[in-house]
Amino acid sequence: MELYSHDSAMIVIVLASMATYLMRVGGLMLAGCLPSGGRIGRVLNALPGTILISLAAPGFFNEGVIGFAGGIVTVAVAFKTKNVFLAMFMGMLVVALGRQAGF
């Protein structure tokens with residue numbers, strides 16, 4: 001007896017896709033109900049940046065000094081240029097050069 005079949009895998013994939021789609025659509029529908037001004041508006045505007053930092057910060061610190069330097073360069077370039085792609089590229093470049101140099 002096979003534990004997992006092709007059919008059950010497809011059912012799980014379809015259900016997961018539907019759940020993801022419904023959560024995204026639900027979020028878009030609810031977004032119109034949220035206030036755009038005041039304290040809540042400021043929090044919602046700052047949220048994407050805080051989520052990005054919470055995801056990236058452990059990686060910065062896990063890499064040690066060179067990861068921390070890469071993180072600082074990334075943040076500085078992002079603030080200066082407002083170009084996230086360039087900022088990520090520069091941060092990765094700092095980490096890559098640091099690893100090559102043996103830090």
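A short tour of the structure in this document, coming up.

Parameters at a glance
- Residues numbered from 1 in each chain as written.
- Predicted model: local features only at pLDDT ≥ 70, side-chain atom pairs only at ≥ 80, totals over all residues.
- Heavy atoms only, no water.
- Helix = DSSP H or I, 4+ residues; strand = E, 2+ residues; numbered from the N terminus.
- Patch = residues over 30% accessible without salt bridge, like charges linked within 9 Å, V, L, I, M, F, W, Y side chains within 5 Å.
- Areas by Shrake-Rupley, 256 points an atom, 1.4 Å probe, with all protein chains shown as cover.
- Salt bridge = Lys/Arg side-chain N within 4 Å of Asp/Glu carboxyl O.
- Axes fitted to C-alpha atoms, helices over the stretch in contact; angles between N-to-C directions.
- Parallel < 35°, antiparallel > 145°, perpendicular 65-115°, else oblique.
- Left-handed = near helix turned anticlockwise from the far one by under 90°.
- Contact = heavy atoms within 4.5 Å.

Another aspect to go through is unusual backbone geometry. A negative phi angle is the norm for most residues apart from glycine, just as the trans form is the norm for most peptide bonds. Its identity as a non-glycine residue notwithstanding, Lys-82 has a phi of 60°, on the positive side. Along the chain, the position of Lys-82 falls in the loop between helix H3 (65-81) and helix H4 (84-101).

With that settled, the discussion passes to a nonpolar patch on the surface. A cluster of nonpolar side chains, namely Leu-34, Ile-40, Leu-44, Leu-47, Ile-51 and Leu-55, defines an oily patch on the protein surface of about 550 Å² accessible area. One can find Leu-47 in helix H2 (residues 38-62).

In this section: the pattern of salt bridges. Counted by the stated rule, this structure contains 1 salt bridge. For Arg-99, the salt bridge goes to Glu-63, with nearest N and O atoms at 3.0 Å. Placement of Arg-99 in helix H4 and of Glu-63 in the loop between H2 and H3 is noted, with a sequence separation of 36 residues between them.

The geometry of H3 relative to H4 is characterised by a closest axis approach of 8 Å and an angle of 155° between their N-to-C directions. With respect to H4, the axis of H3 lies roughly antiparallel. When the axes of H3 and H4 are compared, the crossing they make is right-handed. Along its contact with H3, which presents Ile-66, Gly-67, Ala-69, Gly-70, Val-73, Thr-74, Val-77, Ala-78 and Thr-81, the element H4 presents Leu-86, Ala-87, Met-88, Met-90, Gly-91, Val-94, Val-95, Gly-98 and Arg-99.

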